[in-house]
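# Understanding the architecture of this molecule
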Amino acid sequence: MEIDVNAFLFSLDIRFFTKIWTFYFYEYHIVLPREFTSRLVPFQPKAFKVRSQIKKAIHPNSRKASQLARSAHRDEKLQRKKDERTHMLEVKVGDKCRWFYEHIDDTKTRYTAQEVRDLIEMYLHRFDDELQKIEELNNVVKGRQRMHVNKEDAMRTIIKVERELFSTGGLEIPDLTSAKNFELFKIWNCDMKNFAPIKMKLFSNTQSSKESDASNEITENTTEMEAKN
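Predicted model only: the values in this text are computed from it and were never measured. (Residues numbered from 1 in each chain as written. Predicted model: local features only at pLDDT ≥ 70, side-chain atom pairs only at ≥ 80, totals over all residues. Heavy atoms only, no water.)

## What about the overall build of the chain?
Across its full length, the chain carries nine helices and two strands. Helices and strands appear in the chain in the N-to-C order α-α-α-α-α-α-α-β-α-β-α. Considering the chain as a whole, with its 229 residues, one finds that 25% of them fall into the buried category. Once local pairs closer than 6 in sequence are excluded, the contacts in the chain between residues at least 24 apart make up 67%. Here the chain has roughly 18,000 Å² of accessible surface; of this, 55% comes from carbon and sulfur atoms. (Helix = DSSP H or I, 4+ residues; strand = E, 2+ residues; numbered from the N terminus. Buried < 20%, exposed > 50% of the residue type's maximum accessible area, 1.4 Å probe, protein only. Contact = heavy atoms within 4.5 Å. Areas by Shrake-Rupley, 256 points an atom, 1.4 Å probe, with all protein chains shown as cover.)

What follows is the structure, encoded as structure tokens:
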């Protein structure tokens, strides 16, 4: 194939020629004269433009701003409720569970119902030493205004309420009659945030020991059968 190179070069626009010269002349194995190759400029692609990562400012009256405000308000409300639940759990259950944690026998695999009731009786007398000290202090300052009245009344009220629960419907404490639950309770770190896996149970002094132990054995056997299946 014969091509008039001079006529071809002058018939094309030089800008278009600089873009296609590599493909065309390599395809047909054409050798250009030196006077033309010195005028050729290789094609250079345009530099890639990097988009700015700066976020646009949100207008305070826009729908996006309202959506973000609602989301922040919802998160704040959920966190406040969570903190309130944690505080109530700490007040109602925390001190009680810590007392039992500090007074359990680690050598046991589990407690019987009667042993739990004996432990509860010890728990109901936990303020005796402090009440006695307050009483002795008030006897020393006899004739004056009683000291630590609010603290004394609060402790006596707590003991009265807990004793009534223990004598009627039952006092709720960690289930120490379950071997599995007792093992979880022994490795508890006294933090109420990690208390969820530990089960609570009502114990009263009106329930017989045989009924409590029998019901606990049935529950444990059922749990073991479900685990095997």
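## Overview of the packing of aromatic side chains
Where two aromatic rings form a pair, the distance of their centres and the angle of their planes describe that pair. Following the criterion strictly, the structure yields eight aromatic pairs and no others. Linked through ring pairs, Tyr-101, Phe-185, Trp-188 and Phe-195 together constitute an aromatic cluster. The ring of Tyr-111 carries the charged tip of Lys-108 above its face, separated from the ring centre by 5.4 Å. Positioned above the aromatic ring of Tyr-123 is the side chain of Arg-126, whose terminal nitrogen or guanidinium carbon lies 3.8 Å from the ring centre. (Phe/Tyr/Trp six-rings, centres within 6.5 Å; stacked < 30°, edge-to-face > 60°. Lys NZ or Arg CZ within 6 Å of the ring centre and 35° of its normal.)

## Brief notes about the packing of helix 5 (residues 113-124) against helix 7 (residues 149-167)
Following both chains from N to C, one finds helix 5 and helix 7 inclined at 160°, their axes separated by 10 Å at the closest point. For the element pair helix 5 / helix 7, the angle class is roughly antiparallel. The element helix 5 and its partner helix 7 pack so that their crossing is left-handed. Contact residues: helix 5 offers Arg-117, Ile-120, Glu-121, Tyr-123 and Leu-124, while helix 7 offers Ile-159, Glu-162, Arg-163 and Phe-166. Each residue belonging to the contact of helix 5 with helix 7 can be placed in one class, and the counts come to five nonpolar, no polar and four charged. (Axes fitted to C-alpha atoms, helices over the stretch in contact; angles between N-to-C directions. Parallel < 35°, antiparallel > 145°, perpendicular 65-115°, else oblique. Left-handed = near helix turned anticlockwise from the far one by under 90°. Nonpolar A, V, L, I, M, F, W, Y, C, P; charged D, E, K, R; others polar.)

Interpretation note: all reported values are geometric properties and have no functional meaning in isolation.
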